[in-house]
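Results of the structural survey
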Amino acid sequence: MKFKLNIIFALFFTIVYVNRLQAQEKAFPKKGEGITLFLKRHNRVGASYQKHFIELNKNKLGKGNALQMGVKYTLPPLQGKEAVATTSKQANYEPLFGKELASYKVTSSELKGACFYLVSGHGGPDPGAIGRIGKIELHEDEYAYDIVLRLARNLMMKGAKVHIIIQDAKDGIRNDKYLKNSKRETCMGSPIPFNQIQRLKQRSDKINALFKQDKYAYKRAIFVHVDSRSKSRQLDVFFYHQNKNTQSKQLAKTMRSTFAHKYKMHQPGRGFSGTVDKRDLYVLRHTTPASLFVELGNIQNSFDQQRFIPSDNRQALANWLCDGFVTDYNRYKKKTQ
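Conventions adopted
- Residues numbered from 1 in each chain as written.
- Predicted model: local features only at pLDDT ≥ 70, side-chain atom pairs only at ≥ 80, totals over all residues.
- Heavy atoms only, no water.
- Helix = DSSP H or I, 4+ residues; strand = E, 2+ residues; numbered from the N terminus.
- Areas by Shrake-Rupley, 256 points an atom, 1.4 Å probe, with all protein chains shown as cover.
- Polar contact = N/O pair within 3.5 Å; in protein donor to acceptor, adjacent residues only side chain to side chain.
- Contact = heavy atoms within 4.5 Å.
- Buried < 20%, exposed > 50% of the residue type's maximum accessible area, 1.4 Å probe, protein only.
- Pairing = 2+ DSSP bridges.
- Axes fitted to C-alpha atoms, helices over the stretch in contact; angles between N-to-C directions.
- Phe/Tyr/Trp six-rings, centres within 6.5 Å; stacked < 30°, edge-to-face > 60°.
- Lys NZ or Arg CZ within 6 Å of the ring centre and 35° of its normal.
- Patch = residues over 30% accessible without salt bridge, like charges linked within 9 Å, V, L, I, M, F, W, Y side chains within 5 Å.
- Salt bridge = Lys/Arg side-chain N within 4 Å of Asp/Glu carboxyl O.
- Lys, Arg positive; Asp, Glu negative; His and termini not counted.
- Charge placed at Lys NZ, Arg CZ, Asp CG, Glu CD.
- Core = buried A, V, L, I, M, F, W, Y, C linked by side-chain atoms within 4.5 Å.
- Parallel < 35°, antiparallel > 145°, perpendicular 65-115°, else oblique.
- Left-handed = near helix turned anticlockwise from the far one by under 90°.
- Nonpolar A, V, L, I, M, F, W, Y, C, P; charged D, E, K, R; others polar.

What follows is about the overall build of the protein. Per the secondary structure count, the protein includes ten helices and 13 strands. Of the roughly 17,800 Å² that the protein leaves accessible, carbon and sulfur atoms contribute 53%.

On to the side chain of R174. Counting through the fold element by element, R174 comes out in the loop between β7 (166-167) and β8 (186-187). Only 3.5 Å separates the side chain of R174 from the side chain of D171, close enough to count as a polar contact. Those residues in contact with R174, other than ones at most four positions away along the chain, are E142, D146, R150, L179, K180, S311 and R314.

Relative to the helices and strands, E110 is located in the loop between α4 (86-91) and β3 (114-120). Take E110: its relative accessible area is 33%, and that puts it in the partly exposed class. Here the alpha-carbon distance between E110 and T327, two residues 217 residues apart in the chain, equals 9.7 Å. With residues near it in sequence (within four places) discarded, E110 still touches K158, V326, Y329 and K333. Side-chain polar atoms of E110 contact the side chain of K158, separated by 2.9 Å.

The subject of this paragraph is the environment of D214. For D214, the position within the fold is in the loop between α6 (196-213) and β10 (218-227). For D214, the residues in contact, after removing those within four places along its chain, are C115, Y117, H163 and K219.

Time to look at the sheet that holds strand β11 (residues 238-241). Backbone-to-backbone hydrogen bonds join strands into a sheet, with any given pair of strands oriented parallel or antiparallel. Pairing is mixed across the open sheet formed by six strands, whose spatial order is β6-β3-β10-β13-β11-β12. Two strands in the sheet have a free side with no partner beyond their single neighbour: β6 (161-164) and β12 (276-278). Geometrically, the sheet is characterised by an average inter-axis angle of 25° between neighbouring strands, direction not taken into account. Here four bridges tie β11 to strand β13 (residues 290-298), and the two strands are oriented antiparallel to one another. Within β13, the position partnered with H241 by the bridge is L292.

The strand order across the open sheet formed by three strands is β7-β8-β9, and the pairing between neighbours is antiparallel. Of all strands in the sheet, those with a lone pairing partner are β7 and β9 (190-191), marking the two edges. Direction of pairing for β7 relative to β8: antiparallel, over a ladder of two bridges. Pairing of Q167 across the sheet is with T186, part of β8.

What follows concerns the packing of aromatic side chains. According to the stated counting rule, one finds 17 aromatic pairs in the structure shown. Measuring from ring centre to ring centre gives 5.7 Å for F53 and Y73, while their planes differ by 50°; the resulting arrangement is tilted. With F53 in helix α3 (residues 47-57) and Y73 in strand β2 (residues 73-74), this residue pair connects regions lying 20 residues apart in the sequence. Comparing F53 with Y73, the two get one shared label, buried. Taken together, the ring pairs in this structure connect F116, Y218, F325, Y329 and Y332 into an aromatic cluster. The aromatic ring of Y218 is capped on one face by R220, whose charged end is 4.0 Å from the ring centroid.

Judged by side-chain charge, K244, K249, K253 and K278 come together as a positively charged surface patch. Mapped onto the elements of the fold, K253 is located in helix α7 (residues 246-266). With relative accessibility at 42%, the residue K253 sits in the partly exposed group.

Attention now moves to the environment of F303. Mapped onto the fold, F303 is located in helix α9 (residues 302-305). Residue class for F303 comes out exposed when judged on its relative accessible area of 58%. Each C-alpha atom, one on F303 and one on L235, is 8.9 Å from the other, the two residues being 68 residues apart in sequence.

The next point concerns the nonpolar core. One finds F116, L118, L151, L155, I222, F259 and F325 to be the most contacted residues of the largest nonpolar core, which totals 51 residues. Elements with a minimum of two residues in this core: β3, α5 (140-157), β6, β10, α7, β13 and α10 (311-336). Y117, I166, L281 and V283 belong to the second-largest nonpolar core, a separate cluster that totals 20 residues.

For the rest of this paragraph, the subject is the packing of α7 against α10. At a minimum axis distance of 9 Å, the contact between α7 and α10 shows a crossing angle of 130°. The angle between α7 and α10 falls in the class oblique. At the point where α7 passes α10, the crossing takes the right-handed sense. Residues Q247, Q250, L251, T254, M255, T258, F259, K262, Y263 and H266 of α7 form the contact with α10, whose own contacting residues are L317, W320, L321, D323, G324, F325, T327, D328, R331 and Y332. Counted by class, the contact of α7 with α10 contains nine nonpolar, seven polar and four charged residues.

Okay, structure coming up:
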């Protein structure tokens, strides 16, 4: 009986101790974060967490309950199911994917040891190319971002380390045909400048800083865009690589081969005319890892629009890009073994 009482007492002490640790958990906000994204990043979603957070930190918040840089805020304790197996859940949880898809399982180790830097084109004050269907505007940054999120999730499920460089605190993976436009996007929490060169420098610098920190042998960056040409010009997906970078060129060729193979499987007889070229683009010149620049088609052309307007097609593009990375990584491992 005494032994049982000791066990019960030990369990009670452990629960109380863990709860105290949770109650005392603190963290600094990232630049550009509000309360919602800050709490979401720490696996605390919902109005009750926000209310509790404001009560705990009412003397540290700025005007309109704004978070202040350099201030460490107390996080409300995790409750209910969220308090169970917190570590394992957080290890497979990415709030940027949206509430329904934030949790994911690592289903294979195909990309274990690989690291990726994913950049969706434009964002913030710059919508990029704008296409139209009647009165509906199609903004390049919204469609590129959705495909990048889907690609990121695929890569993570295969065991890769992934950095999502351009982020939107509200938009997760969306299944709408016509994606709502916004200017919320940040460069990993930092506001995106209006000036084009500053925008490109910001994301290139962020990639290079992360590149220095990441201890992976295989590191690749991808920039996802949608081109704009005359309405009559139909284009297949095409790829640009860095000048004088053999790994970048090989990646571009691998991606093209992957897409050609996929079209042959799913649309026999269609053919694939996507190209591979080098191009002197700012982000390709100024990023350290072997990088790939992808143009998904012509946002003005009605046929090309169907490549990314249906959500299933956006998922297919993400799947094919992921398959291309798997093929490239396997080739890299064979060469280095």
